[in-house]
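Here are the chains, one letter per residue:
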Amino acid sequence: MAKMTKFKFYPLYITYKEAEDEALIYMYGRNENGEQICVSDHFRPYFWVLGDLNLIKPELDETVIETKIEKKEYIGEEVEAIKIVTTLPRNIPVLKDKLKEVAVAVLEADILFVRRYLIDKEIVLGQEYEIQGEEMPIRKGVRTYEIQAIKGTEKSYENEKVLAFDIETHPEKNEEFEGPILMISFYGENFKKVITWKHFRTTEKYIEFVNSEADLIQRFKEVVEELNPDVLAGYFSDGFDLPYIASRAKKYKIKLEIGLDHSEIRLGKGANKSSRITGITHVDVYKFIRNITQLDVDDFRLDTVANALLGENKKQVDFTKLVEHWENSSKDLEEFCKYNLHDAKLTYELCKRLLPQLVELVKIVGLPMEDVNRLSVSQLVEWFLIRNAHKFNQLAPNKPSHDEISKRMSKRYKGAFVYEPKPGLYKNIMLFDFRSLYPTIIASHNIDPGVMNCKCCAGTAQKVPLENEDIWFCEKEKGFLSSVIGDLIERRIRIKEIMKKQKNPFLDARQDSLKLLANSFYGYLGFYAARWYSFDAARSVTAYGRYYVKKVIGSAEKQGFKAIYSDTDSIFLTFEDKTKQEAMKFMDKINKELPGIMELEFEGIYPSGIFVSVKGAEYGAKKKYALISEKDELIIKGFETVRRNWSPIAKEVQKKVLSIILKESDAEKAFNYVKKIADKIRKKQIEIKKFTIKTQITKPIEEYGAIAPHVAVAKKLIEKGIEIVPGQMIEYVITKGKGRIGDRAKLTNEVTKDDIDSEYYIKNQLIPSVGKIFEVIGFDEGELEKEGSQSKLSGFF
DNA sequence: TTTTTGCGGGG
DNA sequence: GTGTACGCAAAAA
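Analysis parameters
Residue numbers restart at each chain and count upward from 1, following the sequence in its written direction. Labels are handed out in written order, letters beginning with A for the chains and numbers beginning with 1 for the ligands. With the structure being a predicted model, the display of local features is reserved for residues of pLDDT at least 70 and the display and counting of side-chain atom pairs for 80 or more, all residues being used for whole-chain, interface and lining totals. Side-chain numbers here rest on the full set of heavy atoms in the structure, without hydrogens or water. As used in this record, nonpolar core signifies buried Ala, Val, Leu, Ile, Met, Phe, Trp, Tyr and Cys residues forming a set joined through side-chain atoms within 4.5 Å. Exposure categories follow from relative accessible area, calculated using a 1.4 Å probe and restricted to protein chains: below 20% of the type maximum is buried, above 50% is exposed, and the middle band is partly exposed. Helix numbering and strand numbering both begin at the N terminus, where a helix is a DSSP run of H or I of at least 4 residues and a strand a DSSP run of E of at least 2. DSSP calls a pair of strands paired once it identifies at least 2 bridges connecting them. Residues are counted as near a molecule or strand when any one of their heavy atoms sits within 4 Å of it. In protein, a polar contact requires one atom able to donate a hydrogen and another able to accept it; more generally it is a pair of N or O atoms within 3.5 Å, and residues adjacent in sequence count only if both atoms are side-chain atoms. Here the term charged refers only to Asp, Glu, Lys and Arg, the term nonpolar to Ala, Val, Leu, Ile, Met, Phe, Trp, Tyr, Cys and Pro, and the term polar to all other amino acids, Gly among them. A pair of aromatic rings is counted whenever rings of Phe, Tyr or Trp (Trp by its six-membered ring) have centres within 6.5 Å, and the orientation is called stacked for planes under 30 degrees apart, edge-to-face for over 60 and tilted otherwise. Whether a charge lies above a ring is judged from NZ of Lys or CZ of Arg, which has to be within 6 Å of the ring centre and within 35 degrees of the ring normal.

Asker: Which residues make up the nonpolar core, and what are the values?
Answerer: Counting residues in hydrophobic clusters, the biggest one holds 152 residues, and the most contacted among them are Met27, Phe434 and Phe521. When residues in this core are grouped by element, the largest group, 17 residues, is from helix H9 (residues 333-365). Within the second largest apolar cluster, 48 residues are counted, among which are Leu662, Phe691, Ile697 and Leu717.

Structural data, given as structure tokens:
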């Protein structure tokens, strides 16, 4: 008999293994001394069936070890559900198929075993637990204990050991994972290493040489084992680095047994493949950034993302020379090693930056980190609901069938209310917005498919403001979804209160995660693949949203304010002859009338702002305005030069013009500024880099139909023998001369500022960037094209 | 115009 | 592993 011990344990990873007639849960993590250990637990897979037990019983086979009737709730109805407990997880699909013929419904039969365990035992990975257990004999890998008792404490694990890695491959045949891996880099706390199998002269100590690709892969294994990280981080490593290493390892018959139980890397299949290592959380930084963070970038390449989040870029190297240097064992390979290491470093920094949010989502949603990392926001909401369903004694609805999805996708409903602005320049603007409009509507109006059109409130409950339709939500009993979202909002408010006193990055990540989940509820309700989908609930949310926004606008105008623009949850008003005090009084009155936790907030005063119409915007006018704040900050929304590929000179002028008009109210000055710049362009007084237009090559050149300027430049480069790959940025300028634009597009570093086509830049960049602005304040953009003459502008302001 | 297909990230 | 993304733009019909 093994000795019983007590110890503190942070579980960080969970998996299961089939034993004889049961599946054992294994949780890997660290004890209080920071040692990697494992604890094991017994757990039985089960699912629920609704229907007649007499019809169901005959279908059950010898794998079923227990059936039990329990009172549960299923979308607002009390049901007597039959719990079917079996020996192994893989029996469940078999039983499900048999039972769905005779049962009214088979429920929760697709909740993965380890997830079921975490939900039922209310275990959160990354939290501390006091374990009573005895050490198990005969297991490969880390020390393992069988759980006798487990009790949570309030502590969390806060120093995940992260190791980032990155590989460089031979440029030939790497699509099929067939070219050799040339180098692998690692980056962690106080650790950096590049391993390569071509020897060259270098003094860099972090570069390690081996003799073959097989040895390189062997070293990869060893380094991961030696450093024993909690998190192994890569960038797109689910789809590239790990499958690539695995594919090359297979070629050399090397077993990649880096799991803490000495199991091999498990590669995912299909479109959304995920590569997993037992006991070590493999974080694909790309997937998390893409799926969860609301990062506003044009693409999700490492370079772009690192620039946006860290202000750093990838190292520049000339990849066309890689093969040549490799063949010659050139000392220039050192540059590629540095490039490789820098990518690992960026991945590490990004991972460290995002880990607090990942950790918080693990705590709130309750799934393992490797799952949270790879889920979409709607899936996060869904698993958050499934975990809460268990606490509320609710049965989770099934995922919709294919037919059901088609039906849902064809149904549309009315969205948010947009009050289109009359283009113009406005003074003394106030901005109000509803704090978390949709989440607070769901919580305050008890919007929930389970309590919709309840019998108990028929005829007495307030009806959703929809024309010719009667939808109401119970006013006696709280629905499951609305309780849960109310809880999310309240938890967030409490954290924000604490944060007023002291800043804390962990609390900030938590409030951010709570906000993300709350804000995603409405979208989830209307999402065709959602278990808790409800067309009527979703359109009730937007109906109330429109109702309250219009109500505020109506009240404001009655009070003598004037509405100029509104979109979804924000309302822009002007003072007319009112004071700020009167505006505050107005807001207080509105807030007294609003139900529950709904609240209108005062966002601020803007001394002036310009609103521009967006032509051709059918689905509500798109946001396009610029404001100047009381702190004199310029806020620009929706002006296309902010996003699209415009030259720096056009962006600069647009910003300056908005600034002059809004800050100085001097249209004449703005106008003359543009004329002055046009003049400078004509006189070649502007440096060439301000004319550079950057456009990305998105596919192989031969696949392009139309010859856009950047494609023409790329073609010329290819003729010169320079390789162009998709994803590459082409930086070009338009020069003087005859022919189409494409023929006149040249690489920036090939020409001087005298070659610049001044008229092209004035007509196609400068004027379009400010034309709309002058149009709004009643200006003729034709004036700008003329040379010289000063114009008379007094009278416009 | 509507429907279908394929891409994203990596090197 | 009690499983197989999703949303958009370009191409095709």
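Don't stop here, the text continues.
Asker: Run through the pairing of strand S22 (residues 634-637), naming residues and quoting values.
Answerer: Note on strand geometry: in a regular strand, side chains alternate between the two faces of the sheet. Of the strand pairs in this sheet, strand S21 (residues 625-628) and S22 are connected by 4 bridges, and their pairing is antiparallel. Note that in S22 the partner of leucine 627 across the bridge is isoleucine 635. Taken together, S21 and the strand that follows it, S22, pair antiparallel across an intervening segment of 5 residues, in which aspartate 632 is found at a positive phi of about 70°.

Asker: So what about the protein's contact with DNA strand C? Which residues, and what values?
Answerer: In the region of DNA strand C, 20 residues are neighbours, and Tyr16, Ala109, Ile111, Phe113 and Lys269 sit closest. Sugar and phosphate atoms form 57% of the subset of DNA strand C atoms that lie within 4 Å of the protein. Between proline 89 and DNA strand C, the recorded distance is 3.2 Å, taken from a backbone N or O atom to a sugar or linking oxygen. One of the backbone N or O atoms of isoleucine 111 is found 2.8 Å from a base nitrogen in DNA strand C. Only helix H2 (91-99) and helix H3 (113-120) provide two or more residues apiece to the surface near DNA strand C. Split into classes, the residues belonging to the surface near DNA strand C amount to 13 nonpolar, 2 polar and 5 charged.

Asker: How would you summarise the protein's contact with DNA strand B if you had to cite specific residues and measurements?
Answerer: Taken together, 19 residues lie near DNA strand B, and Thr169, Asn174, Phe236, Phe240 and Leu302 sit nearest. The contact atoms of DNA strand B, taken as those within 4 Å of the protein, divide so that sugar and phosphate hold 61%. Leucine 302 is positioned with one of its backbone polar atoms (N or O) 2.7 Å from a phosphate oxygen of DNA strand B. Mapped onto the surface near DNA strand B, the elements with two or more residues apiece are strand S10 (162-169), helix H6 (285-291) and H9. Broken down by element, the residue count for the surface near DNA strand B peaks at 4 residues, all from S10.

Asker: Please give an account of the packing of aromatic side chains that cites residues and values.
Answerer: Given two aromatic rings, one states the distance between the centres and the angle between the planes to describe the pair. Under the defined criterion, the tally for this structure stands at 39 aromatic pairs. For the ring pair phenylalanine 200 and phenylalanine 209, a centre distance of 5.1 Å and an interplane angle of 90° mean the geometry is edge-to-face. The class for phenylalanine 200 is buried, based on a relative accessible area of 9%. Here the aromatic rings of phenylalanine 432 and phenylalanine 586 are separated by 6.3 Å at their centres, their planes lie at 75°, and the arrangement is edge-to-face. You can see phenylalanine 432 sitting in strand S17 (residues 424-434) and its partner phenylalanine 586 sitting in helix H17 (residues 580-593), a full 154 residues away along the chain. Overall, the relative accessible area of 5% leaves phenylalanine 586 in the buried class. Linked through ring pairs, Tyr426, Tyr565, Phe572, Phe611 and Tyr625 together constitute an aromatic cluster. Above the face of the tryptophan 383 ring, arginine 115 is positioned so that its terminal group lies 4.7 Å from the ring centre. Taking NZ or CZ as reference, lysine 578 lies 5.8 Å from the ring centre of phenylalanine 561, over its face.

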